[in-house]
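Chain and residue survey
Next come the chains, spelled out residue by residue.
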Amino acid sequence: MASTWATHRTRERIEDLFLAAGDDHALREAAVVELRHAVGFSAFVWPLTDPESATGVAPMAAVPCPNEVPLVIKARYASRINRWTVLSEAERPAASLFAATNGDPARHPLWDTILRSYGVGDIASLALADQHGIWSWLDLWREDTDPAFSEEELDFLVSLAPAMTRGLRRSRARQFAASPVGSKGSIPAQAVLVMDEDMQVLGQTSSASNWLSLLQRAPRPHAGIPAEVYNVVAQLLAKEAHIDNRASAARIHVGGGQWASLRAARMDSPTHSPNGPAIAVTIQECLPAARLGVFVRAYGLTARERQALALLAAGMENEVLAGRMRISPLTAQDHFKSIFAKTGTHSRAGVLALALGSAAAGESTFIDSAV
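Every value quoted in this text rests on a predicted model; they were computed, and no experiment measured them.

What to know about the sheet that holds strand E6 (residues 191-195)
Note: strands within a sheet are paired through backbone hydrogen bonds, in either parallel or antiparallel orientation. Taken in spatial order, the 5 strands of this open sheet run E7-E6-E10-E9-E8, and their pairing is antiparallel. Bordering the open sheet on either side are strand E7 (201-204) and strand E8 (249-255), each of which pairs with just one other strand. Here the strands of the sheet are splayed against their neighbours by 20 degrees on average, with no regard to which way each runs. Bridging between strand E9 (residues 258-266) and strand E10 (residues 279-285) involves 7 bridges; their strand directions are antiparallel. Along E10, the bridge assignment pairs serine 261 with glutamine 284.

Structure (structure tokens):
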């Protein structure tokens, strides 16, 4: 690890970088350059996540096994050892593979079945989460000839987590304002891909190619299939194995004010798959009501503010809304003042237009768990 002075300067540069909260790809790209100066590593994997399902989206990676990407994703989801969902609830959101396995990395299927043969040694994992959700995770890989990650290096990564988490959450919030309100480009029809447990595509609808071209433009998708597809399948397998109980689904901004929704589910019959029922991955437009769950978390709304916004989106006037929340109309107005301040809007119509798009602001309903 670099000197104390050098790591201090690296921390300052990364904190300043994420304070600006620019494009999430640019943020991660610049941070990787800075991290290489302070913490040595030979490869990395850094996806964002849907804040509710914690399923990976928009990944960045530089790994020595690009042809193994589908199986790498499957194996990464297949263990609770240093899983981002587990680290996000731990006292320290970072850990090394060697330390977590008492020096026996073969206990993790990712290392045992794939990375061992590529000369990968220790892996440092960092979860980037806050009270509003899980926003990302970062894995740094070292070669087997390099020393394991030290406690000092892990502590350094932990010290960066608050700033990086805030920056990535704010970059997600900016996606809602990335295009003129109400702009709408062409969006493909719903698509379905049929896959097996080995991450092989068995078939797809004709509309799938249009969706696949919109998702994950870089790095080059494996066999033309974006990593988001593999991620929802891997999450389904993890859920079936009782490793994580979150939904096998994800929402991702695809540009132009449009969002995609991906979901994996078992099919009814074992047709085409020797391992049991095949898996259907559905890709479709993420409707305003569905993406509002990302909006309220990205802007850091409280549970009561989420409830107020949900009731507003359902078309309730102030007095009815206040009655449903069992508060006074003045208190309801205070909640909306806070919402306006957090979202940079100035009216109820404005915040709905930002969250839902002007075309949908008056016609969508949304039921949040806080209601």
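Topic: the pairing of strand E5 (residues 133-143)
The element E5 is largely enclosed, with a buried count of 10 among its 11 residues. Pairing of strand E4 (residues 120-130) with E5, which is carried by 9 bridges, proceeds in the antiparallel orientation. The residue of E5 that forms the bridge with serine 125 is aspartate 139. Between E4 and E5, which pair antiparallel one after the other, the connecting turn spans 2 residues.

Topic: the side chain of threonine 85
Along the chain, the position of threonine 85 falls in helix H4 (residues 84-87). Reaching out from threonine 85, the side chain makes a polar contact with the side chain of arginine 83 at a distance of 3.0 Å. In contact with threonine 85, other than residues within four places in its own chain, are Ala54, Ile134, Asp244 and Arg246.

What about unusual backbone geometry?
One non-glycine residue, alanine 58, adopts positive backbone phi at about 45 degrees. Note that alanine 58 resides in strand E2 (residues 56-62). The buried category is assigned to alanine 58, whose relative accessible area is 16%. At asparagine 82, a position not held by glycine, the phi torsion is positive, near 55 degrees. Following the sequence through the fold, asparagine 82 ends up in the loop between helix H3 (69-77) and H4.

Looking at empty space enclosed by the protein
In total, this model carries 1 cavity of 30 Å³ or more according to the counting rule given. Of the voids in this model, the largest cavity is the one considered here, and its volume is about 80 Å³. As for the largest cavity, its lining consists of Arg76, Ile81, Asn82, Leu97, His108, Leu110, Trp111, Ile123, Ser125 and Asp139. Sorting the residues of the lining of the largest cavity by element identifies helix H6 (109-113) and E4 as the ones contributing at least two each. Across the lining of the largest cavity, the residue classes tally to 5 nonpolar, 3 polar and 2 charged.

Rules used in this analysis
- Position labels on residues start from 1 in each chain and follow its written sequence.
- Totals for whole chains, interfaces and linings use every residue, but because this is a predicted model, local features are given only for residues with pLDDT of at least 70 and side-chain atom pairs only at 80 or more, for both listing and counting.
- For side-chain calculations, the full set of non-hydrogen atoms in the structure is used, while hydrogens and water are omitted.
- Here a strand pair is declared whenever DSSP counts at least two bridges between the two strands.
- Only DSSP runs of H or I covering at least 4 residues are called helices, and only runs of E covering at least 2 are called strands; the numbering of each starts at the N terminus.
- Lines fitted to C-alpha atoms define the axes here, with helix axes fitted over just the stretch in contact, and angles between the N-to-C directions of these axes take values from 0 to 180 degrees.
- Relative accessibility under 20% of the residue-type maximum defines a buried residue, over 50% an exposed one, and the middle range a partly exposed one, all with a 1.4 Å probe and only protein chains included.
- Whenever two N or O atoms come within 3.5 Å, that pair is a polar contact, provided that in protein one can donate a hydrogen and the other can accept it, and provided that, for residues adjacent in sequence, both atoms are side-chain atoms.
- We call two residues in contact whenever any of their non-hydrogen atoms come within 4.5 Å of each other.
- In the cavity and pocket records, a cavity denotes points on a 1 Å grid over the protein atoms alone where a 1.4 Å probe fits but cannot get out, a pocket denotes an open set with protein on both sides within 12 Å along at least 5 of 7 lines, and lining residues are residues with an atom within 4 Å of a point.
- Grid points are joined across faces, edges and corners, and a volume is the space filled by probe spheres set on the points.
- When residues are grouped by polarity, Ala, Val, Leu, Ile, Met, Phe, Trp, Tyr, Cys and Pro land in nonpolar, Asp, Glu, Lys and Arg in charged, and all others, Gly among them, in polar.

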